[in-house]
Amino acid sequence: FDPPLPDWYVRELYKFDMNTYTRIYMHFPSNFWGNEEEFFMYADKKRGYYPFWQNMGVTHKDADYNVLMVTVTGMEAMRIAQQTDEETKA
């Protein structure tokens, strides 16, 4: 930056921690999870291990839209981001 940022400001910036988010969209021939809920949560001891699921049919107000989206975070997101599509589908 010109002029340079104050030292105290730069120190605070380095304290800021970003997280990695990966979204996986899965299309199915039929809806086996229902159209009652838009969001599902999954708790696992492993942090970031497929915690947030979204029923995209409810989101798009289309009962025939058979797509689930899962948000993966942290180290699990970084691991999945490095996989091929075939590895993720398996």
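First things first, this report covers the structure right here in the doc. (Residues numbered from 1 in each chain as written. Predicted model: local features only at pLDDT ≥ 70, side-chain atom pairs only at ≥ 80, totals over all residues. Heavy atoms only, no water.)

### Quick notes on the layout of surface pockets
Stated precisely, the cut-off is as follows: A cavity here means a set of points on a 1 Å grid, drawn over the protein atoms and nothing else, where a 1.4 Å probe fits but cannot get out; a pocket is an open set with protein on both sides within 12 Å along at least five of seven lines, and a residue lines either one if it has an atom within 4 Å of a point. Grid points are joined across faces, edges and corners, and a volume is the space filled by probe spheres set on the points. A run of DSSP states H or I qualifies as a helix once it reaches four residues; a run of E qualifies as a strand once it reaches two. Both are numbered from the N-terminal end. Residue polarity is assigned by list, with Asp, Glu, Lys and Arg as charged and Ala, Val, Leu, Ile, Met, Phe, Trp, Tyr, Cys and Pro as nonpolar; anything else, Gly included, falls into the polar class.
Approximately 340 Å³ is the volume found for the largest pocket. Lining the largest pocket are 16 residues, and of these Ile24, Met26, Asp85, Thr88 and Lys89 lie nearest its centre. Where the lining of the largest pocket is concerned, the elements lending two or more residues are strand 1 (21–27), helix 3 (74–81) and helix 4 (85–89). Within the lining of the largest pocket, the residues separate by chemical class into nine nonpolar, three polar and four charged.

### Section: the sheet that holds strand 2 (residues 39–41)
For clarity, the threshold we go by: If DSSP finds at least two bridges between two strands, the strands pair. Helix axes are fitted to C-alpha atoms over the stretch in contact, other axes to C-alpha atoms as well, and angles between N-to-C directions run from 0 to 180 degrees. Throughout, a residue-residue contact means that at least one pair of heavy atoms, one from each residue, lies within 4.5 Å.
As summarised here, the arrangement of the four strands in space is 1-4-3-2, forming an open sheet in which the pairing is antiparallel. The open sheet has two edge strands, strand 1 and strand 2, and neither has a second partner. Each strand axis lies, on average, 20° off the axis of its neighbour in the sheet, ignoring direction. One ladder, built from seven bridges, connects strand 1 with strand 4 (residues 67–73); its direction is antiparallel. Bridge pairing links Tyr25 to Met69 in strand 4. Helix 3 rests against strand 1 and strand 4 of the sheet, and its axis sits at about 115° to strand 4.

### As for the side chain of Thr71
You can see Thr71 is positioned in strand 4. Each residue touching Thr71, except ones within four places of it in the same chain, is listed here: Tyr21, Thr22, Arg23, Tyr50, Pro51 and Phe52.

### What about the environment of Gln82?
To keep things clear, this is the line we draw: Accessibility here uses a 1.4 Å probe with only protein chains present; expressed as a share of the type maximum, an area under 20% marks a residue as buried, one over 50% as exposed, and anything in between as partly exposed.
Residue position: Gln82 is located in the loop between helix 3 and helix 4. The class of Gln82 is exposed, set by a relative accessible area of 69%. A C-alpha to C-alpha distance of 24 Å links Gln82 and Phe28, two positions 54 residues apart in sequence.

### Quick look at the packing of aromatic side chains
Quick note on the threshold: Two aromatic rings from Phe, Tyr or Trp, using only the six-membered ring of Trp, form a pair when their centres are within 6.5 Å; if the ring planes differ by under 30 degrees the pair is stacked, by over 60 it is edge-to-face, and anything between is tilted.
By the definition in use, this model includes four aromatic pairs. For the pair Phe28 and Trp33, a centre-to-centre distance of 5.5 Å together with 65° between the ring planes defines the contact as edge-to-face. Accessibility expressed as a relative area gives 22% for Phe28, which makes it partly exposed. The buried category is assigned to Trp33, whose relative accessible area is 16%.

### Concerning the pattern of salt bridges
What counts, and what does not: The rule for a salt bridge is simple: a side-chain nitrogen of Lys or Arg has to be within 4 Å of a carboxyl oxygen of Asp or Glu.
Applying the stated rule across the entire model yields two salt bridges. Across the pair Glu12 and Lys15 runs a salt bridge whose closest N-O atoms are separated by 3.0 Å. Taken as a pair, Glu12 and Lys15 lie in helix 1 (residues 7–15) at a separation of three residues, close to a single helical turn. Look at Lys15 and you get exposed, because its relative accessible area is 60%. Here Glu76 makes a salt bridge to Arg79, at a shortest N to O gap of 2.5 Å.

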